[in-house]
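# Architecture and fold: a report
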Amino acid sequence: MSTTGILIAAVAKILFVLLVVVGAFAPALVWAERRQSAMMQDRVGPHRAGIPLPKGVVAMLDGLRAPLRAGAYLSWFGMFLAVALLAILLLFREEPVLFGLEAKVYYIAIPVLGLLGLVSMAGYKAHTKIVEGGGTITLLGLLHPLADALKMIWKEDFMPPKADKFLFSIAPIITLIPAIASFAVIPFADVLYLDYWDAHIPFSTDPATLESAVVPLQIASLNVGILFIFAVAGTGIIGAAVGGYASDNKYSLMGGIRAASQMVSYEVALGLTIVPCFMLYNTLRLEEMAAYQSENFWGIVYPPLWIPFILYLTCAIAETKRIPFDAPEGESELVGGYLTEYSGMKFGMFFTGEFVEVVVLSALATVLFFGGWDIPFLTHGGFDLPFDWEIAIPGTNWVLEDQIPMAHWGVLAIQVGGFLAKIVVFVWFQLMVRWSLPRFRYDQIMALCWKGVLPLALINILIMALWILGLS
Amino acid sequence: MFETYLPVFLMIGVASAVALGMFLATTLAGPKKPSPEKNLPYESGSNTTGANHIRLSVKFYLTAILFVVFDIEAVFLYPWGGMFRDLGWFGFVEMLLFLVILGVTLVYAWKKGALEWEK
């Protein structure tokens with residue numbers, strides 16, 4: 001591929017990652033965290049920010065209430081009728097004609113009718129909620145993070161008079177850049193064969209033999225791979241330390257030094273816990289790791305990776321300085337830690353950096369232990385189930401086979417979706433931990449790292465080595 | 001070589017642009033209304049005493065030194081782990097020696113009390 005082609009592909013991929021990670025994932029994570037914590041603490045949670053509608057529109061919506069309600073209840077009733085029809089059809093499937101219509105018609109019409117019932121009922125409920133809420137669209141509070149970001153930009157931009165002005169300003173920037181940049185080597189799907197993007201690649205064809213321009217679906221395919229993530233993410237530590245040092249505040253200084261000490265400790269542990277993964281996949285490239293797991297089994301299936309996985313999750317939470325490892329910013333000891341003197345979007349940048357880091361570490365957990373973009377039985381040609389299936393759907397001439405052919409772009413889209421879904425699971429796990437556990441004492445945090453995780457990680461490397469050598 | 005790393009530089013550039021954009025937005029849009037009380041170092045309402053750059057426990061520096069030792073170990077382990085299957089038993093014994101030496105370092109630091117925070 002030419003340099004121009006690489007450049008265009010890189011820009012497209014960077015925009016995609018930025019849109020998904022910074023534009024959608026980080027705000028959605030903030031929302032989910034608040035929502036989840038509100039549920040766990042029996043509070044209302046974020047739901048107040050919304051888009052107010054003009055008075056005329058509200059009055060018009062109010063007038064629509066009666067017909068909407070009638071329609072909703074009618075289609076709700078229709079849904080039950082549809083289910084009853086489906087039951088009748090299944091009971092008398094030797095007689096595929098009902099009311100003079102063939103069964104095939106019902107198989108399409110009934111789900112559509114059911115969906116219509118659900119949608120109209122939901123629409124009616126939403127309408128009621130909007131009208132009763134004074135004409136404001138709240139969307140479950142999903143607009144809350146957006147409102148927060150806007151608010152933070154217009155908040156007072158405070159700088160302590162005796163602070164080191166340059167370091168104080170640059171610290172949030174140093175935190176945010178590496179968090180976003182470390183996404184550069186994470187693969188989010190299998191390679192794209194550009195000339196075949198809308199074609200179906202047959203199951204029997206080895207995609208490597210295709211003559212086509214190849215676009216790896218990761219921003220940069222580096223031979224150092226995972227080392228890049230640690231090199232770049234390590235820079236983020238400087239942000240917290242410098243921010244605390246430059247703030248001219250005792251709490252900030254203590255928070256900053258705690259953050260630096262904790263993060264460097266857990267960086268070592270994090271780096272060592274995942275060495276067994278490289279040994280198993282025999283590569284440092286993340287895309288090759290995902291490909292290995294796609295061809296064999298997901299990493300988590302191999303017993304020597306069970307303990308490293310638990311250690312990895314522990315280190316990941318400690319590395320992002322979240323509860324129960326949030327001693328650097330523990331409000332009951334240090335006010336806000338190194339964030340104490342920060343306000344407005346500068347505080348928001350630390351905040352965003354932390355959340356982006358959570359997403360990055362979740363993505364890394366996915367690639368290292370849960371197959372990355374791999375979805376079981378999904379090959380380059382579509383789903384290829386290991387059974388010998390040929391199930392005829394009753395009443396129709398359709399046959400469900402064990403091979404479901406799909407277009408190349410469809411396969412890749414499912415892989416991207418699967419990858420994002422796995423990230424969501426890990427992110428959700430981390431925020432569940434955050435709202436379930438109390439904070440550790442600082443000496444406990446450090447002891448856990450140096451006396452617990454680190455020796456265990458070293459032993460795991462030896463176990464993995466013996467496991468591989470013993471099997472070969 | 002250049003073409004491999006081009007997207008990385010591009011990504012770092014875009015990340016810098018996002019960070020700088022956020023920074024500039026709040027610097028330009030945020031109001032600045034300093035007052036004598038606001039300018040004091042925030043300590044939950046009580047007046048600050050002494051210098052703000054307090055002395056810190058030597059443990060933090062010890063941790064930093066240990067970090068350098070063990071992070072370099074991790075860097076050595078990465079390429080080794082990446083081609084472990086090709087090296088076989090030879091690579092295993094070589095790295096075992098290295099790990100034992102570092103294990104002794106960890107035990108030494110442990111026994112010397114470098115990992116104790118309670119005292």
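Note that this is a predicted model, so its numbers are computed, not measured.

### Focus: the overall build of chain A
The secondary structure content of chain A amounts to 15 helices and 11 strands. Principal-axis analysis of the C-alpha atoms gives chain A an extent of 85 × 70 × 45 Å. In chain A, of all internal contacts separated by at least 6 residues, the share reaching a separation of at least 24 is 80%. If you sum the accessible surface of chain A, you get close to 21000 Å²; carbon and sulfur atoms cover 71% of it.

### So, the interface of chain B and chain A
Listed by partner, the interface residues are 69 residues for chain B and 80 residues for chain A. Where chain B abuts chain A, roughly 6800 Å² becomes buried across the two surfaces, and 76% of that area is made up of carbon and sulfur atoms. Contact with chain A buries surface across chain B, with Met-11, Tyr-78 and Arg-85 of chain B losing the most and accounting together for 12% of the total. Across the contact surface, chain B and chain A share 2 salt bridges. For Lys-32 of chain B, the salt bridge is made with Asp-157 of chain A, and the minimal N-O distance between the two is 3.6 Å. Where chain B touches chain A, the interface holds 11 residue pairs in polar contact (both at pLDDT 80 or more). Looking at which element gives the most residues to the side of chain B that touches chain A, the answer is helix α1 (residues 2–29) of chain B, with 21 residues.

### What to know about the sheet that holds strand β8 (residues 382–384) of chain A
Residue and element names in this part refer to chain A. With antiparallel pairing, the 3 strands of this open sheet are ordered in space as β7-β8-β11. Pairing within the sheet leaves two strands with one partner each, and these edge strands are β7 (378–379) and β11 (403–405). Across 3 bridges, β8 lies against β11 in antiparallel orientation. When the sheet's bridge partners are listed, Gly-382 is paired in β11 with Pro-405.

### Let's talk about the packing of aromatic side chains
Here the structure, examined in full by the defined rule, presents 23 aromatic pairs over all chains. Each ring, one from Tyr-281 of chain A and one from Tyr-292 of chain A, has its centre 5.4 Å from the other, and the planes form 50 degrees; the classification is tilted. Residue Tyr-281 of chain A is found in helix α9 (residues 275–281), and its partner Tyr-292 of chain A is found in helix α10 (residues 286–295); the two are separated by 11 residues along the sequence. Given the relative accessible area of 4%, Tyr-281 of chain A is considered buried. With a centroid separation of 5.2 Å and 70 degrees between ring planes, the pair formed by Trp-80 of chain B and Phe-84 of chain B is classed as edge-to-face. Of the two residues, Trp-80 of chain B and Phe-84 of chain B, neither departs from the other in class, the shared state being buried. One aromatic cluster in this structure is built from Trp-298, Phe-309, Tyr-312, Phe-369, Phe-370 and Phe-426 of chain A. Over the aromatic face of Tyr-442 of chain A sits the side chain of Arg-258 of chain A, whose NZ or CZ is 5.2 Å from the ring centroid.

### Side note on the packing of helix α1 (residues 3–40) of chain A against α1 of chain B
Helix packing for two helices is described by the angle between their axes and how far apart those axes are. Two elements in contact, α1 of chain A and α1 of chain B, have axes separated by 10 Å at closest approach and are oriented at 40 degrees. One element, α1 of chain A, and the other, α1 of chain B, form an angle in the oblique class. Relative to α1 of chain B, α1 of chain A is oriented so that their crossing is right-handed. Contacts between α1 of chain A and α1 of chain B involve Thr-3, Ile-6, Leu-7, Ala-10, Val-11, Ile-14, Val-17 and Leu-18 of chain A on the former and, on the latter, Glu-3, Leu-6, Pro-7, Leu-10, Met-11, Val-14 and Val-18 of chain B. Its residues assigned to classes, the contact of α1 of chain A with α1 of chain B shows 13 nonpolar, 1 polar and 1 charged.

### Re the domain arrangement of chain A
What the domain assignment lists for chain A is domain 1 (51–137) and domain 2 (148–471). Here the C-alpha centre of domain 2 of chain A lies 41 Å away from the C-alpha centre of domain 1 of chain A.

### Quick word on the packing of helix α8 (residues 250–273) of chain A against helix α11 (residues 306–319) of chain A
Residue and element names in this part refer to chain A. Contact pair α8 / α11: the axes reach a minimum separation of 9 Å and the direction vectors enclose 155 degrees. Here α8 is positioned roughly antiparallel relative to α11, judged by the angle of their axes. Viewed along their axes, α8 and α11 form a crossing whose handedness is left-handed. Every residue of α11 that contacts α8 at Gln-262, Met-263, Tyr-266, Glu-267, Ala-269, Leu-270 and Thr-273 is listed here: Pro-308, Leu-311, Tyr-312, Cys-315, Ala-316, Ala-318 and Glu-319. In terms of residue class, the contact of α8 with α11 is built from 10 nonpolar, 2 polar and 2 charged.

### What to know about the confidence of the model for chain B
Residues and elements named next belong to chain B. Mean pLDDT over chain B: 83, with 99% of residues reaching 70 or higher. The spread of mean pLDDT over the elements of chain B runs between helix α2 (residues 36–39), the lowest at 79, and helix α4 (residues 84–112), the highest at 87. What the predictor reports for the complex is a pTM of 0.83 with an ipTM of 0.87.

### Remarks on the nonpolar core
With 140 residues, the main nonpolar core has Ile-226, Phe-278, Tyr-312 and Leu-368 of chain A as its most contacted residues. Examining the composition of this core, we find that 15 residues originate from one element, helix α13 (residues 344–369) of chain A, more than from any other. When near neighbours in sequence (up to four residues on either side) are disregarded, Phe-278 of chain A contacts Ile-226, Thr-283, Leu-284, Met-289 and Leu-368 of chain A together with Tyr-78, Gly-81 and Gly-82 of chain B.

### Points about α11 of chain A
Residues and elements named next belong to chain A. Compared with an ideal rise of 1.5 Å per residue, which puts 14 residues at 20 Å, α11 spans 20 Å between its outermost C-alpha atoms and is within 8% of the ideal. Within α11, burial applies to Pro-308, Phe-309, Leu-311, Tyr-312, Leu-313, Cys-315, Ala-316, Ile-317, Ala-318 and Glu-319. Residues of α11 that are buried make contact with α7 (226–246), α8, α9, α13, α14 (408–434) and α15 (442–471).

Here is what the cut-offs are and how they apply
- Residues numbered from 1 in each chain as written.
- Chains lettered and ligands numbered in written order.
- Predicted model: local features only at pLDDT ≥ 70, side-chain atom pairs only at ≥ 80, totals over all residues.
- Heavy atoms only, no water.
- Helix = DSSP H or I, 4+ residues; strand = E, 2+ residues; numbered from the N terminus.
- Contact = heavy atoms within 4.5 Å.
- Areas by Shrake-Rupley, 256 points an atom, 1.4 Å probe, with all protein chains shown as cover.
- Buried area = accessible area lost by both parts, 1.4 Å probe.
- Salt bridge = Lys/Arg side-chain N within 4 Å of Asp/Glu carboxyl O.
- Polar contact = N/O pair within 3.5 Å; in protein donor to acceptor, adjacent residues only side chain to side chain.
- Pairing = 2+ DSSP bridges.
- Phe/Tyr/Trp six-rings, centres within 6.5 Å; stacked < 30°, edge-to-face > 60°.
- Buried < 20%, exposed > 50% of the residue type's maximum accessible area, 1.4 Å probe, protein only.
- Lys NZ or Arg CZ within 6 Å of the ring centre and 35° of its normal.
- Axes fitted to C-alpha atoms, helices over the stretch in contact; angles between N-to-C directions.
- Parallel < 35°, antiparallel > 145°, perpendicular 65-115°, else oblique.
- Left-handed = near helix turned anticlockwise from the far one by under 90°.
- Nonpolar A, V, L, I, M, F, W, Y, C, P; charged D, E, K, R; others polar.
- Domains from an automatic or database assignment.
- pLDDT = per-residue confidence, 0-100.
- Core = buried A, V, L, I, M, F, W, Y, C linked by side-chain atoms within 4.5 Å.
- Expected span 1.5 Å × (residues − 1).

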